[in-house]
Amino acid sequence: MAQIPPSLQDLINRFNQAQAQLQSVLLRKQQYEAELREVEKAIAEIERLSPDAKIFKNVGNFLVPQSRDAALQELKDRKELLELHVKTLSRQESMLREQIDKLRDEINKELARLKGGAAEAAKGGG
């Protein structure tokens, strides 16, 4: 079996690294999106409550009273931050997908070049 040229091995390593990074980005993005949905549900529920409703915030092992407005503001701030994280991760996802596509093309070109060279060597060696 022929040895893989160092240039092709480097491309394959970079491709595998980019795929691992993409999986990591997708997992984090999925986690942020899930938390974002939960925050949006909480906002919707709190908005339905009367302005003087009692709301409690979980702080460690304790429930601490909090005003409706303060709770809403905290959730809206969290929502804004989560949306920013999702947007950033979406950009990273796009860049990584482009990088993976380019690396895949380079690997395929390198393989085609190697196969072409091997076919030429087989013809000449007969």
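The structure presented is a predicted model; accordingly, all values stated were derived computationally and were not measured.

A. Broad picture of the overall build of the protein. What the protein contains, in helices and strands, is 2 helices and 2 strands. N-terminal to C-terminal, the α/β element order of the protein is α-β-β-α. Taking 2.2 N^0.38 as the reference for a compact globule, 126 residues should give roughly 14 Å; the C-alpha atoms of the protein span a radius of gyration of 26 Å, well beyond that estimate. Dimensions of the protein, computed from C-alpha atoms along their principal axes, come out at roughly 90 × 25 × 15 Å. The long-range share in the protein, meaning contacts at least 24 apart out of those at least 6 apart in sequence, stands at 76%. Within the structure as shown, the protein displays about 9400 Å² of accessible surface, and the carbon and sulfur contribution to it stands at 54%. A gap of 3 Å separates the mean positions of the 21 positive and 20 negative side-chain charges of the protein.

B. Just the pattern of salt bridges, in detail. In the structure shown here, the tally under the stated rule is 12 salt bridges. Glu 74 is paired through a salt bridge with Lys 57; the nearest N and O atoms lie 3.1 Å apart. Linking Glu 74 in helix H2 (residues 68-124) with Lys 57 in strand E1 (residues 55-59), this pair joins segments that are 17 residues apart in sequence. For Lys 57, a relative accessible area of 31% translates into the label partly exposed. Where Asp 101 meets Arg 104, a salt bridge forms, and the shortest distance between an N and an O atom there is 3.0 Å. Of the two residues, Asp 101 and Arg 104 are both situated in helix H2; the distance of 3 residues between them amounts to about one turn of the helix. Residue classification places Arg 104 among the partly exposed residues on the basis of a relative accessible area of 35%.

C. Representation of the confidence of the model for the protein within the structure. On average, residues of the protein carry a pLDDT of 93, and 93% of them reach 70 or more. Within the protein, H2 has the poorest average pLDDT of any element, 92, and helix H1 (residues 6-48) the best, 97.

Scoring rules and cut-offs
Residues numbered from 1 in each chain as written. Predicted model: local features only at pLDDT ≥ 70, side-chain atom pairs only at ≥ 80, totals over all residues. Heavy atoms only, no water. Helix = DSSP H or I, 4+ residues; strand = E, 2+ residues; numbered from the N terminus. Rg over C-alpha atoms; globule rule 2.2 N^0.38 Å. Contact = heavy atoms within 4.5 Å. Areas by Shrake-Rupley, 256 points an atom, 1.4 Å probe, with all protein chains shown as cover. Lys, Arg positive; Asp, Glu negative; His and termini not counted. Charge placed at Lys NZ, Arg CZ, Asp CG, Glu CD. Salt bridge = Lys/Arg side-chain N within 4 Å of Asp/Glu carboxyl O. Buried < 20%, exposed > 50% of the residue type's maximum accessible area, 1.4 Å probe, protein only. pLDDT = per-residue confidence, 0-100.

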